[in-house]
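Residues per chain, in single letters:
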Amino acid sequence: MTASLPAVAFAGIGLMGLPMTRRLLAAGYPLTIWNRTPDKCAPLLEHGAHRVETPAELCRDANVVMLCLANTDVVREVVFGAGGIVEGARAGQLLVDFSSLEPAATREMAAELEARTGMRWVDAPVSGGTPGAEAGTLAIMAGGREDDVERIRPVLAHLGQRLTRMGEVGAGQVTKVCNQMIVACNALVIAEVVALAERAGVDASLIAPALAGGFADSKPLQILAPQMAASQFEPIKWHVRTLLKDLDTAVKLSREQGSATPMSGLAAQLMRLHGSQGNLERDPATLVQLLREQRP
């Protein structure tokens, strides 16, 4: 079975990368992995993955090299830094980046990588969080050449319920910015709702089931409102710093495009305030604490 499947390499074994790579292994793909902290690779080595010492080595046998990393600077370092992917990449290989990055930086890096090595780039950020990564139900929004996106569609079918090509390289990142604007603003409003309900004497744990199926219902409501009402902030499923980074990207993109984003700008400032109080590495469900602390 594995002989007929393309060899895959993956950099970034974190909250999202670990369940995604587990699904690739379960589907039978030959998998090579790299992570800055090697210990995080251990659960995958037990199931047949092969770990390498540098990102460049990911390219040795792989047809497709995937990234799921923290931000633009980390991706740039892994691709172009010492021992980076650029040192091992070659024409015919595809880089698929699941990270959430600045669109302009994605386009610049993709052009440089192809010019130097012939390796082409597909930006394929995802939405659905760790539950979606574990279940293989992520929404994947891709930017890249049409034939490149179609080439990886069978592989990504094991990771997501839907893969949509949004346009050329960078278009996936623009779409992810839009996604995160909705998610982050939603999370902050849900925190306001829970805090207000509590102060008004309503059992906030009933908010999510009461509104289920109605016009205000959403996945963030059903996930975050119960956690906020119960002050259940662990296990951490995602990070405040991630939402803040994406909101900052949204504000930067809006300036570049001359587009007004007042709600997302305010959300970025509130998220920054919450992060400055020692919450950057905590779950966004902790946003309710920011609202609870407000006094008349």
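Residues numbered from 1 in each chain as written. Predicted model: local features only at pLDDT ≥ 70, side-chain atom pairs only at ≥ 80, totals over all residues. Heavy atoms only, no water.

Caption draft 1: A look at the overall build of the protein chain. When helices and strands are counted, the protein chain shows 12 helices and 9 strands. The buried share among the 296 residues of the protein chain stands at 50%. Across the protein chain, every contact between residues at least 6 apart in sequence was considered, and the portion connecting residues at least 24 apart equals 67%. Just so you have it, the protein chain exposes about 13,500 Å², and 56% of that area is on carbon and sulfur atoms. (Helix = DSSP H or I, 4+ residues; strand = E, 2+ residues; numbered from the N terminus. Buried < 20%, exposed > 50% of the residue type's maximum accessible area, 1.4 Å probe, protein only. Contact = heavy atoms within 4.5 Å. Areas by Shrake-Rupley, 256 points an atom, 1.4 Å probe, with all protein chains shown as cover.)

Caption draft 2: Geometry of the nonpolar core. Phe10, Met20, Leu24, Met66 and Phe98 are the most contacted members of the largest nonpolar core, which totals 34 residues. Sequence-distant contacts of methionine 20, that is, excluding residues within four places in its chain, are made with Phe10, Cys68, Phe98, Ala133, Leu138 and Leu159. Counting 28 residues, the second largest nonpolar core, distinct from the first, contains Leu188, Val240, Leu247 and Ala285. (Core = buried A, V, L, I, M, F, W, Y, C linked by side-chain atoms within 4.5 Å.)

Caption draft 3: Looking closely at the packing of helix α7 (residues 171-199) against helix α10 (residues 240-257). As a packed pair, α7 and α10 sit with axes 9 Å apart at the nearest point and diverge in direction by 120°. Judged by the angle between their axes, α7 and α10 are oblique. As for the relative orientation of α7 and α10, their crossing is left-handed in sense. Taking contact as the criterion, the partners of Val174, Val177, Gln180, Met181, Val183 and Ala184 in α7 are, on α10, Leu243, Asp246, Leu247, Thr249, Ala250 and Leu253. When its residues are assigned to classes, the contact of α7 with α10 shows 9 nonpolar, 2 polar and 1 charged. (Axes fitted to C-alpha atoms, helices over the stretch in contact; angles between N-to-C directions. Parallel < 35°, antiparallel > 145°, perpendicular 65-115°, else oblique. Left-handed = near helix turned anticlockwise from the far one by under 90°. Nonpolar A, V, L, I, M, F, W, Y, C, P; charged D, E, K, R; others polar.)

Caption draft 4: Looking closely at the UniProt feature "domain: 6-phosphogluconate dehydrogenase NADP-binding" (unreviewed entry) in the protein chain. Mapped onto this structure's residue numbering, the UniProt feature "domain: 6-phosphogluconate dehydrogenase NADP-binding" (unreviewed entry) falls at residues 8-167. A distance of 24 Å separates the end C-alpha atoms of residues 8-167, which is 35% helix and 24% strand. (UniProt positions renumbered as here; feature names shortened; annotations may be inferred.)

Caption draft 5: View of helix α1 (residues 17-26). Among the 10 residues that make up α1, 7 are buried, leaving the element largely enclosed by the rest of the structure. Those residues of α1 that sit buried are Gly17, Leu18, Pro19, Met20, Thr21, Leu24 and Leu25. In the segment just after α1, glycine 28 is the residue with positive phi, at about 95°.

Caption draft 6: Representation of the domain arrangement of the protein chain. Each domain of the protein chain was delimited in the assignment, giving domain 1 (8-168) and domain 2 (174-293). Of note, the centres of domain 1 and domain 2, computed from C-alpha atoms alone, are 27 Å apart. Of all residues in domain 1, Leu15, Ser100 and Pro103 give up the largest surface area on contact with domain 2, accounting jointly for 36% of the area buried on that side. At the surface where domain 1 touches domain 2, the tally comes to 1 salt bridge. Two residues, lysine 252 and glutamate 102, come together in a salt bridge whose shortest N-O distance is 2.9 Å. (Domains from an automatic or database assignment. Buried area = accessible area lost by both parts, 1.4 Å probe. Salt bridge = Lys/Arg side-chain N within 4 Å of Asp/Glu carboxyl O.)

Caption draft 7: Just the packing of α7 against helix α11 (residues 262-279), in detail. Where α7 contacts α11, the axes come no closer than 10 Å and their chain directions differ by 60°. On the basis of the axis angle, α7 is oblique to α11. Crossing of α7 against α11: the hand is left-handed. Here Met181, Ala184, Cys185 and Leu188 of α7 lie close against α11, whose contacting residues are Met263, Ser264, Ala267, Leu270 and Met271. Among the residues making up the contact of α7 with α11, the classes are represented as 8 nonpolar, 1 polar and no charged.

Caption draft 8: Structural view of the pairing of strand β9 (residues 160-167). Bridge count between strand β8 (residues 138-143) and β9: 6 bridges; the pairing is parallel. In the sheet register, methionine 141 faces β9, and the bridge partner there is threonine 164. (Pairing = 2+ DSSP bridges.)

Caption draft 9: Region of interest: the pairing of strand β1 (residues 8-11). Alternating positions in β1 separate into two faces, Val8 and Phe10 on one and Ala9 and Ala11 on the other, with burial throughout. As paired strands, β1 and strand β2 (residues 31-34) are joined by 4 bridges and run parallel to one another. From the neighbouring strand, alanine 9 faces β2, where its bridge partner is threonine 32. Following the chain from β1 across α1 to the adjacent parallel β2, one finds a crossover that is right-handed. Alignment of β1 against strand β4 (residues 64-67), held across 4 bridges, turns out to be parallel. Bridge pairing in β4 places valine 8 opposite valine 64. (Right-handed = clockwise from strand over helix to strand, strands pointing away.)

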